[in-house]
Amino acid sequence: MKAIFAISLLLPFVSASIFRSPNSQQALQVNPQISEELIDHLLAIHDDDPVKVMRLVDPANAADLDEPRLLQVFGKEAVWMTEGDKLRLRKQGLSFMDLTGREHLFGAKVSSAKQTTWPDLRYQEKVKEVNQLLKIDEMKYNLGNLTSFHNRYYRSEFGVQSSRWIYDKVLQIIANAPPNVYISVETFTHTFPQPSVIARFEPTFGRLSERRGFTSPCVIIGAHQDSANYKFPILPAPGADDDGSGTVTILEAFRALVEAGFRPELPVEFHWYAAEEAGLLGSQEVVEEYVKLQKQVGAMLQFDMTAYVPLDATPTVTFITTDVDTPLTNWSMVLASEYSSSPVDGAKLFAGAGSDHMSWHRAGFPAIFATEGDPFKTFNPHIHTVMDRMDLKEFSFEHALEFSKVAVGFAVELGGWVN
């Protein structure tokens with residue numbers, strides 16, 4: 001069961017989680033005193049194989065390491081491997097998508113916006129008013145809390161606790177909402193310990209709006225909340241940039257919209273996904289449920305890594321142009337040029353690479369991806385290590401704030417604003 005929170009009202013409701021298997025994994029109990037030196041020693045005496053070491057430190061879930069998984073390393077064809085092979089792939093620095101059991105969901109459904117006409121910008125005054133409410137100090141405070149967890153690994157107790165922190169923070173924001181602003185929030189439980197978090201501005205004219213037909217297509221703004229140390233998952237992983245920056249970027253946009261009394265015509269959702277580093281698992285389960293419930297999704301924008309700027313680089317709001325909805329990307333670049341004070345540009349990734357937007361894109365929904373810079377020119381070398389910290393000289397909250405402005409613009413221009 002999920003719980004939905006409306007202002008001053010707590011209502012339980014039957015969840016579509018009947019479509020998903022119950023959580024079958026135990027949360028990994030991590031001893032923060034285990035050092036990187038000890039893990040290096042264990043790897044050295046066990047053939048440098050993280051699977052052998054994981055069997056030692058997590059015997060309760062050792063059998064899970066042998067489960068077959070259909071994994072697609074970004075840029076390659078999907079092949080059958082095992083859950084344990086995920087550890088080996090991450091240790092090699094490789095990212096992937098876990099397609100197990102969802103081959104049907106992504107079969108030849110890549111997003112196409114042939115008949116979609118994206119609207120002219122018409123809420124400039126409203127968007128700029130909201131953007132005046134954005135605060136870097138809020139982002140610093142929130143990221144300080146997120147990076148204080150030992151890690152946010154999707155199978156660890158810390159991953160569960162950090163997700164709960166996000167949920168509680170969203171509730172705290174909603175508690176201060178003005179009257180007549182309709183908002184709900186839920187924890188979206190998964191087949192693994194860490195839940196995703198979904199906050200939703202309900203359409204002002206009701207969930208079943210006669211003005212839009214039976215159900216209104218929602219606008220989704222997302223980031224992934226988990227972090228991972230690719231050397232070994234129980235090691236520290238502050239994940240300040242990947243993707244703590246995206247997490248607080250959209251959290252601050254959400255806070256400012258609530259404070260401004262945002263009343264959209266269409267539903268606007270903010271998603272904080274679990275288990276992106278495990279193969280986009282959290283977003284895939286969310287997409288699977290939306291498809292089964294025949295929910296309409298009008299547009300989705302993912303923010304993954306929004307704060308790292310090399311010392312010799314120009315901060316640039318960047319949109320990935322590969323494996324995305326191209327018309328929506330082009331429209332969003334115009335939007336970003338209107339509302340951000342930074343330059344706006346596009347950049348490519350190699351084929352099949354991306355973030356949680358890929359789950360939506362492959363299921364046929366218009367989905368796009370914004371990030372801190374060209375991945376081939378301004379890549380953050382510290383991600384997936386203990387060094388992905390917010391105190392680095394290259395870490396820029398000012399840059400992340402520009403993405404919050406884009407998120408606000410995306411929400412208002414596509415969701416509308418009812419006075």
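This one's a predicted model, so the numbers in the text were calculated from it and none came from an experiment.

**Here we look at the overall build of the protein chain**
Check the secondary structure of the protein chain and you find eleven helices and 13 strands. Taking all 419 residues of the protein chain together, the buried fraction comes to 61%. Within the protein chain, residue pairs in contact and separated by at least 24 positions form 79% of the contacts whose partners lie at least 6 positions apart. Carbon together with sulfur atoms contributes 53% to the accessible area of the protein chain, which is approximately 16,700 Å² in total.

**What about the packing of aromatic side chains?**
Counted according to the given criterion, the structure contains 15 aromatic pairs. Taking the centre distance of 5.0 Å and the plane angle of 65 degrees together, the rings of F201 and F262 count as edge-to-face. With F201 in strand β7 (residues 196-201) and F262 in the loop between α7 (240-259) and β9 (268-273), the pair connects residues that are 61 residues apart, well separated along the chain. In terms of burial, F201 and F262 fall into one category: buried. An angle of 65 degrees between the planes, with centres 6.2 Å apart, marks the rings of W331 and F410 as edge-to-face. A residue pair is termed long-range when its members are at least 10 positions apart, and W331 in helix α9 (residues 326-339) and F410 in helix α11 (residues 397-415) qualify at 79 residues. Accessibility expressed as a relative area gives 0% for F410, which makes it buried. A network of ring pairs unites the aromatic residues F201, F254, F262, F270, W272 and W417 as a single cluster. In this structure, K295 is placed above the aromatic ring of Y290, and the distance from its NZ or CZ to the ring centre is 4.3 Å.

**Observations concerning the side chain of N229**
Looking at the element boundaries, N229 is found in the loop between β8 (218-224) and α7. By relative accessible area, which is 6% here, N229 ends up buried. One polar contact links the side chain of N229 to the main-chain amide nitrogen of K231, over a distance of 3.0 Å. Setting aside residues up to four positions removed in sequence, N229 forms contacts with L235, P236, A237, H384, T385 and V386.

Conventions and cut-offs
Residues numbered from 1 in each chain as written. Predicted model: local features only at pLDDT ≥ 70, side-chain atom pairs only at ≥ 80, totals over all residues. Heavy atoms only, no water. Helix = DSSP H or I, 4+ residues; strand = E, 2+ residues; numbered from the N terminus. Buried < 20%, exposed > 50% of the residue type's maximum accessible area, 1.4 Å probe, protein only. Contact = heavy atoms within 4.5 Å. Areas by Shrake-Rupley, 256 points an atom, 1.4 Å probe, with all protein chains shown as cover. Phe/Tyr/Trp six-rings, centres within 6.5 Å; stacked < 30°, edge-to-face > 60°. Lys NZ or Arg CZ within 6 Å of the ring centre and 35° of its normal. Polar contact = N/O pair within 3.5 Å; in protein donor to acceptor, adjacent residues only side chain to side chain.

Keep in mind that these numbers describe shape and distance, not what the molecule does.
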